[in-house]
Amino acid sequence: MSELKNPSYRQIFDAMRLLTPVETVFEKRRIGSAHDGGYVVLDTELAGRHLLSCGVGQNCDFELAFAELGGTVAMFDHSVAGPPIEHPGFRFFGTKVSGSASLREITLDGCLSVSDFPSQSGLILKVDIEGDEYSAFSVASDSFLSSFDQVVVEFHGLAALGERTFFDRWVAAISRITDRFHVVHVHANNHSVITLAGGVLVSGYGIFGGLIVADVLEVTFLRKDLSTAKPNKSIYPTRHDSPNNPSVPDHMLVFPPFMPVGRDLKEVSELLRESEN
């Protein structure tokens, strides 16, 4: 059997279009740390909202903010013994989140089931599980996804979109989300790089060809029935964003599909100038 061909530039471009951001009726708000541990969400009456957080690590400022707002926070992370700080609203499970269920692993549906939230609707989901997000979302049920108003995901390894196996996994996972959710905010994690997907690495010179991608991308989604959507007018990062690594500048997402719609290059230049102030 012949090997499947790697995706073409057009296929990579069309796949990235799934992450085209839109404007909604809601204002944006940063929750958590100024750098790593903080994310931009929509201000959809967040007080009392319950949070399912997959991937905690050494920073739970995002989770703490929801607990302080009166919500229950269920956290899943196999890589740490527990959250770095305690709060009465926290529930911690030391289990790995992935696309399979076993003694040591749990699916997203399984996480929701054992979290035992007082309500199974209007929830917030955060997923930062170092590449396992693709298998996890690929098997997430419709009922699971319908339980959440907003979903925040850190997607890893986009530089590999030029490789067929990763490309197929990525499209399957992203499509599961974007079938039901608008992309409402994007931010590139500057602990990683802006690079080219689908290019050819030439020893001693670098990558030739390919399409520009952020290797690690933080994306906020809003369920489509909660707001109408208008074309994006923002330059990313916005005033709500902050570099994950404060020692180096943030990544500017001035390439498709993140560019503002209907603005000429002079307007984009002015927006870039304003973002530097």
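Preceding this section is the structure that the text describes.
Since this is a predicted model, take the numbers as computed values, not measurements. (Residues numbered from 1 in each chain as written. Predicted model: local features only at pLDDT ≥ 70, side-chain atom pairs only at ≥ 80, totals over all residues. Heavy atoms only, no water.)

**Some words on the layout of surface pockets**
- Here the largest pocket defines a volume of roughly 410 Å³.
- What lines the largest pocket is a set of 27 residues, and nearest its centre among them are Gly 55, Val 56, Gly 57, Asp 128 and Glu 130.
- Taken together, the residues that form the lining of the largest pocket break down as six nonpolar, eleven polar and ten charged. (1 Å grid on protein atoms, 1.4 Å probe; cavity = no way out; pocket = protein on both sides within 12 Å on 5 of 7 lines; lining within 4 Å. Points joined across faces, edges and corners; volume = space filled by probe spheres on them. Nonpolar A, V, L, I, M, F, W, Y, C, P; charged D, E, K, R; others polar.)

**Points about the packing of helix H1 (residues 9-16) against helix H6 (residues 164-178)**
- At a minimum axis separation of 11 Å, H1 and H6 run at an interaxial angle of 25 degrees. The angle between the axes of H1 and H6 places the two elements in the roughly parallel class. Crossing geometry of H1 relative to H6 is assigned as left-handed. Residues Gln 11, Ile 12, Ala 15 and Met 16 of H1 touch H6, and the partners they reach there are Arg 164, Phe 167, Trp 170 and Val 171. (Axes fitted to C-alpha atoms, helices over the stretch in contact; angles between N-to-C directions. Helix = DSSP H or I, 4+ residues; strand = E, 2+ residues; numbered from the N terminus. Parallel < 35°, antiparallel > 145°, perpendicular 65-115°, else oblique. Left-handed = near helix turned anticlockwise from the far one by under 90°. Contact = heavy atoms within 4.5 Å.)

**Section: the sheet that holds strand S9 (residues 123-127)**
- Taking strand neighbours across the sheet as the criterion, the seven strands line up as S6-S5-S4-S9-S10-S16-S11 in an open arrangement whose pairing is mixed. Each edge of the open sheet carries a strand with a single partner, namely strand S6 (90-93) and strand S11 (181-188). This sheet shows a mean twist of 15 degrees between the axes of neighbouring strands, independent of strand direction.
- Here strand S4 (residues 51-54) pairs with S9 via four bridges, running parallel. (Pairing = 2+ DSSP bridges.)

**What to know about the packing of aromatic side chains**
- In total, this model carries eight aromatic pairs according to the counting rule given.
- Between Tyr 39 and Phe 62, the ring centres sit 5.2 Å apart and the planes meet at 80 degrees, which makes this aromatic pair edge-to-face. Of the two residues, Tyr 39 is situated in strand S3 (residues 38-42) and Phe 62 in helix H2 (residues 61-68); the sequence distance between them amounts to 23 residues. Across this residue pair, the class does not change: Tyr 39 and Phe 62 are buried.
- Aromatic pair Phe 155 and Phe 221: ring centres 6.3 Å apart, planes at 90 degrees, arrangement edge-to-face. Remark: Phe 221 occurs in strand S16 (residues 217-223) and Phe 155 occurs in strand S10 (residues 148-155); sequence separation between them is 66 residues.
- With a relative accessible area of 1%, Phe 155 lands in the buried category.
- Relative accessible area serves as the criterion here: at 0%, Phe 221 is assigned to the buried category. (Phe/Tyr/Trp six-rings, centres within 6.5 Å; stacked < 30°, edge-to-face > 60°. Buried < 20%, exposed > 50% of the residue type's maximum accessible area, 1.4 Å probe, protein only.)

**Brief notes about the nonpolar core**
- Core analysis: the biggest nonpolar cluster contains 51 residues, and Leu 19, Leu 52, Phe 137, Leu 161, Trp 170 and Phe 221 have the highest contact counts within it.
- Counting residues per element, this core draws most heavily on H6, at six residues.
- Setting aside its immediate chain neighbours within four residues, Trp 170 contacts Ala 15, Met 16, Leu 19, Tyr 134, Leu 158 and Leu 161.
- Formed by 15 residues, the second largest nonpolar core is a distinct cluster that contains Tyr 39, Val 41, Leu 46 and Phe 66. (Core = buried A, V, L, I, M, F, W, Y, C linked by side-chain atoms within 4.5 Å.)

**Notes on unusual backbone geometry**
- The peptide bond linking Tyr 236 to Pro 237 adopts the cis configuration, its omega dihedral lying at 10 degrees.
- Looking at where Pro 237 falls in the secondary structure, it is placed in the loop between strand S17 (230-231) and helix H7 (265-275).
- Between Pro 256 and Pro 257 the backbone carries a cis peptide bond, its omega angle lying at 5 degrees.
- In this structure, Pro 257 sits in the loop between S17 and H7.
- Phi at Glu 45 is positive, roughly 55 degrees, even though this residue is not glycine.
- If you trace the backbone, Glu 45 turns up in the loop between S3 and S4.

It is worth stressing that arrangement in space is one thing and function is another; only the former is reported here.
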